[in-house]
Amino acid sequence: KSLHAKKQEVLIDVFKKLFTAGLKEWRLILAGGLRKEDQNYFDKLTKKAGGLPVEFLTNVTFSQLKKLYGQASIFWHAAGFGEDENLYPERMEHFGIVVVEAMAAGCVPIAVGSGGLPEIIKHKTNGFLWQTKEELESATLQLIKSPKILKKISTQAIKDSRKFSQKVFCQKTNEII
């Protein structure tokens, strides 16, 4: 999958707006694989993030990723943003295993409300769905300003992530067979 499909530039834009508006104690960590063919795009992202508390962690192991999930409170996901789901369904996040992994660690997901993600995220219950940068910003600020809401949704995210466990998958498969 191309690095472009994850829409990291959108996340940096929103983070910059929040940071400029006074959200100084937070940082944005962008973690994932980096292929040789994505290097130019990666270089543009690092330039765009210049002067901001944005960290780029490339080619992280699953163990490192789990540790990051455990340290985070909020998980942003932008794949599919600005894309026409009917014309380009392949540009959407189809299932979103990374979202489920983040939820299992207690991160509250704030993800684009297209593709398969609305099947995982129940808006304002176990995470948030967004369609505009303003909605991403608003949901983020709501969670940051209300630790009580953050905790409630985080607890529900952990609980709901279990619906996608290997054990549940096998049980459902056996029921079908």
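Report on the accompanying structure. (Residues numbered from 1 in each chain as written. Predicted model: local features only at pLDDT ≥ 70, side-chain atom pairs only at ≥ 80, totals over all residues. Heavy atoms only, no water.)

### Overview of the pattern of salt bridges
Now for step 1: For the structure on display, the rule yields 10 salt bridges.
Now for step 2: The shortest N-O distance in the salt bridge between Glu37 and Arg35 comes to 3.2 Å.
Now for step 3: Given a relative accessible area of 35%, Arg35 falls into the partly exposed group.
Now for step 4: Among the charged side chains, a salt-bridge network with shared partners connects Lys7, Glu83 and Arg91. (Salt bridge = Lys/Arg side-chain N within 4 Å of Asp/Glu carboxyl O. Buried < 20%, exposed > 50% of the residue type's maximum accessible area, 1.4 Å probe, protein only.)

### Digging into the nonpolar core
Now for step 1: Grouped together as the largest cluster of nonpolar side chains are 30 residues, with contacts concentrated most on Leu28, Trp76, Ile110, Trp130 and Leu143.
Now for step 2: Secondary structure elements with two or more residues in this core: helix H1 (8–20), strand S1 (28–32), helix H2 (39–48), strand S3 (74–77), strand S4 (108–112), strand S5 (128–130), helix H6 (133–145) and helix H7 (147–161).
Now for step 3: Among the elements that take part in this core, H1 stands out by supplying seven residues, more than any other. (Core = buried A, V, L, I, M, F, W, Y, C linked by side-chain atoms within 4.5 Å. Helix = DSSP H or I, 4+ residues; strand = E, 2+ residues; numbered from the N terminus.)

### Section: a nonpolar patch on the surface
Now for step 1: Taken together, the side chains of Phe95, Ile97 and Phe164 make up a nonpolar region of the molecular surface, amounting to roughly 250 Å² of accessible area.
Now for step 2: Note on placement: Phe164 falls in the loop between H7 and helix H8 (166–176).
Now for step 3: Its relative accessible area of 30% is what places Phe164 among the partly exposed residues. (Patch = residues over 30% accessible without salt bridge, like charges linked within 9 Å, V, L, I, M, F, W, Y side chains within 5 Å. Areas by Shrake-Rupley, 256 points an atom, 1.4 Å probe, with all protein chains shown as cover.)

### A closer look at helix H4 (residues 97–104)
Now for step 1: Burial in H4 covers these residues: Val99, Val100, Ala102 and Met103. Here the buried residues of H4 occupy an arc of 160° about the axis, which is enough to place them on one side.
Now for step 2: Residues of H4 that are buried make contact with helix H3 (62–71), S3, S4, helix H5 (117–120) and H7.
Now for step 3: Phi turns positive, to about 95°, at Gly106, one or two residues after H4. (Arc of directions from axis to C-beta. Contact = heavy atoms within 4.5 Å.)

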